[in-house]
Amino acid sequence: MTQRAVDSFGEQPDPLQPSPAPAPPGGLSTAEVAERVARGEVNDVPVRSSRSVTEIVRANVLTRFNLIIGVLWVIMLLVAPIQDSLFGFVIIANTGIGIVQEWRAKKTLDGLAVIGEAKPTVRRDGVSAEVSVSEIVLGDLVELGPGDKVVVDGTVAEADSLEIDESLLTGEADPVIKRRGDPVMSGSFVVAGGGGFTATKVGREAYAAQLAEEASRFTLVQSELRSGISTILKYVTWMMVPTAIGLIISQLVVKDNNFKDSVARTVGGIVPMIPEGLVLLTSVAFAIGVIRLGRKQCLVQELPAIEGLARVDIVCLDKTGTLTEGGMDVTEVRPLNGSDEDYVRRVLGALGASDPRPNASLQAIIDAYPDGEGWGVTQSMPFSSARKYSGAAFTEGNGDASAWLLGAPDVLLAEGDPALAETGHLNEQGLRVLLLARAGGALDAPDAASGAVPTALVVLEQRLRPDAGETLAYFDDQNVAAKVISGDNAVSVGAVAQKLGMPGAEHTLDARRLPSDPDDMATEIERNAVFGRVTPQQKRDMVAALQSRGHTVAMTGDGVNDVLALKDADIGVSMGSGSEATRAVAQIVLLNNSFATLPSVVAEGRRVIGNITRVATLFLTKTVYSVLLAILVVCFQVEYPFLPRHLTLLSTLTIGVPAFFLALAPNKERAQPHFVRRVMRYAIPSGVIAAAATFATYLLARHHYAGTGALDAETSAATLTLFLVSMWVLAIIARPYTWWRIALVATMGLCFVVVLAVPWLQEFFALKLVGTTMPWAAVAIAVVAAAVLELAWRLVGRRFRS
């Protein structure tokens, strides 16, 4: 398995190149370390958690959108007044926001790479000490314990029941037992046992650099929102080509107009086809989302994860570290079968002293019974989530030999044992119970638990997170089903969930009774809310089963046993204090270790996606009516009615400014799929109605006005109709009304009135209503169009209820 990992990730080792000699038991000396540093045999690889500043600038400047708008902007700067070139400043704003947004994310991730960097323990001069990953040298003896990530390639020098998960390299879930002389690969991590390895590849030769970079890179991966906008831009580009050619021919050849004026009107017909504000607004919304979440100590490693979590309908929670805090307290020890309580306490103290890397349960025992000296450890077996118990063999103070197991009662006890009933009663109270049993055989035997003699029950109380109850209530209110998936006893986990007020917490199931068929498994998972005795592989299978039913699944966790499920879930959420392995595969890292931050992430994602979907209709309505107006102008062989300044004014008042505020408004609607389809089903009828009403007003004005200045008067009348129809589209999208939404729409209308009333603004925007007949006719046509708009939106709403 390990050899295949080598083959798939890089070159095979060169058999002619000598490997460094195994490190001595005490590790390298200070002089040997200095010598290797001088030779450059050090793991000093620059951490690139994101693109370089040059790459960021290039990626945000060289886009299809900037190319199209940029060419048109240059043309307008050459042939028209500055007011006809205002649209070009969108390039500067959009590009600037994109660069600043990614640069801020780069700084955050670069900082995390230093703050959250793994600190491996290296043995030098016989002393163990934590060092930076970049300080490891070739031949170093690196110590390993549960949860530690292998940061460089090496060969096992010491092994004590060492089990390493290489799933991130090979895709195979089963942990690999490592013995002295076996190779270990960077990117794998320890799930049980301990030991040490000699570093055989460091720096750029090891896989650690590329894997670490891949784990923490700021990636703009595909999301439905981004890909939808990209699809729209692609189709708009293809529509623009024939339409632009037709406009150019009609304005320059068929109509013998002033060259500069014809060019200006041609560009005026092309520019509004591009939903440039939608690109800008999306950048703004995501930038603000990143800043808001950053203030709440939430790091989004992949930006679309905000969108993904907003689409989640099931969140799977690991109890330990999520619903409960890491610490535990021993509340009681109950001797069994007449065991002496003082002797039991000495055994527990010795077990605590036997493990140099205790888990939370054993740490609670150490805190309660710190005196573990006087007994010699002859063999130890660290806790494994797969077998659910740990153990150790001792030479007691009086010379007697004994071996002990400590773990889950329902695993160590035979079915029907009287102690199980007592354990069940304690679990129902939300208490965690461990069984201390005297082993009947060798600890390393496959059936080590067989024949174990129950000696005592150790009762532990977990510390609940004070904010977990409110978070669970939030998910319930938002119709997001919560599933607690834990390796502990199901009844005990259910009691904890009930204490926190989790809906459905009374529906518990032991995962050992889960069916293996994915469809049957999904049915059981949907039916129940709390699952106990779940193995790491089962967590992964449960996520896959839910996904097969069409659910969008988020998984939270902080332990190495959560890595497989975090990796396969739609959204993986890790605690900042979690293992290095979980942080590496998660899309979202809660730096403050607070489960209560998740509602903020969900709310931010829903706000961004819901509002962008809502206001995208405004932008694409403009695209539709712009394309149709251009086609109508070509077909009727008339001058294009608008200059760029007119559409810049309309876009600003009916789309740009209001869309900005609407995009920042609260929005708790769950994100729906099919972004492009949902937007276009409203944008197309709205755009058709707006284009028809505007062109009708324009044709009517052409028959009404004559002589010098007729085109300006016709343009002003058409602009009035288009503004009023666009305002009605805005008024529909702004629903449901609140005081600030009404004020926003009213303010935009008032601004347009000011433009029509103030002489210098009339001249700047080339807008002046002439007479009363045609302006009132334009208003009447807009009123009819508004009524048709209302009817169209209601019909679409009834036809598509999603």
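Structure first, text after, so check above.
For every chain, the first residue of the written sequence is number 1, and numbering continues from 1 onward in sequence order. This being a predicted model, a pLDDT of at least 70 is required before a residue's local features are given, and a value of 80 or more before pairs of side-chain atoms are given or counted; all residues contribute to the totals for chains, interfaces and linings. Hydrogen atoms and water are omitted, and side-chain values are computed over all heavy atoms in the structure.

Student: Describe the pairing of strand E19 (residues 553–557), naming the residues involved and giving the relevant values.
Tutor: Buried residues are those whose accessible area, probed at 1.4 Å on protein chains only, stays under 20% of the maximum for their type, while exposed residues exceed 50% and partly exposed ones sit between those limits. Helix and strand definitions follow DSSP, with helices as H or I runs of at least four residues and strands as E runs of at least two, each counted in order from the N terminus. The buried count for E19 comes to five of five residues, which makes it a mostly enclosed element. Here E19 shows two buried faces, one formed by Val553, Met555 and Gly557 and the other by Ala554 and Thr556. Relative to strand E20 (residues 571–575), E19 is paired through four bridges, and the arrangement is parallel. Opposite Met555, over in E20, you have Gly572 as the bridge partner. Any two strands between which DSSP finds at least two bridges are classified as paired.

Student: Lay out empty space enclosed by the protein in plain terms, naming residues and giving numbers.
Tutor: Buriedness of a pocket was judged along seven lines, with at least five required to meet protein on both sides within 12 Å; pockets are open sets of points on a 1 Å grid over the protein atoms alone, cavities are sets where a 1.4 Å probe fits but cannot get out, and lining residues have an atom within 4 Å of a point. Grid points are joined across faces, edges and corners, and a volume is the space filled by probe spheres set on the points. One pass over the structure, following the stated rule, counts two cavities of 30 Å³ or more. Here the largest cavity is characterised by a volume of approximately 50 Å³. The wall of the largest cavity is formed by Leu618, Thr621, Lys622, Tyr625, Thr654, Ile655, Ser726 and Val729. Put simply, the parts of the chain that give the lining of the largest cavity at least two residues each are helix H22 (598–636), helix H23 (644–663) and helix H25 (710–733). A total of four residues in the lining of the largest cavity trace back to one element, the largest contributor, which is H22. Broken down by class, the residue content of the lining of the largest cavity amounts to four nonpolar, three polar and one charged. Under the scheme applied, nonpolar residues are Ala, Val, Leu, Ile, Met, Phe, Trp, Tyr, Cys and Pro; charged residues are Asp, Glu, Lys and Arg; polar residues are all the others, including Gly.

Student: Can you explain a nonpolar patch on the surface? Please cite residues and give values.
Tutor: Each patch is built from residues lacking any salt bridge and having more than 30% relative accessible area; the joining distance is 9 Å for like charges and 5 Å for nonpolar side chains (Val, Leu, Ile, Met, Phe, Trp, Tyr). For every accessible area listed, the method is Shrake-Rupley and the probe measures 1.4 Å; residues are considered covered only by the protein chains on display. Here, a salt bridge means any side-chain nitrogen of Lys or Arg that lies within 4 Å of a carboxyl oxygen of Asp or Glu. A contiguous nonpolar patch, built from Val53, Val57, Val61, Leu62 and Trp103 and spanning about 440 Å² of accessible area, is present on the exposed surface. Looking at the nonpolar patch element by element, the count peaks at three residues for helix H3 (residues 53–61). Residue placement: Trp103 occurs in helix H5 (residues 89–115).

Student: Can you break down the sheet that holds strand E18 (residues 530–532) residue by residue, with the values?
Tutor: Strand order in this open sheet of eight strands is E8-E21-E20-E19-E9-E16-E18-E17, and the pairing throughout is mixed. Strands with a single pairing partner mark the edges of an open sheet, and in this sheet they are strand E8 (298–300) and strand E17 (508–510). Averaged over all neighbouring strand pairs, the angle between strand axes comes to 20°, with direction disregarded. Helix-sheet contacts for helix H19 (residues 536–548) involve strand E9 (314–317), strand E16 (481–485), E18 and E19, and the interaxial angle to E19 is about 160°. Only the contacting stretch of a helix is used when fitting its axis, a line to C-alpha atoms as for every element, and angles between N-to-C directions run 0 to 180 degrees. In what follows, residue pairs with any heavy atoms lying within 4.5 Å of each other are defined as contacts.

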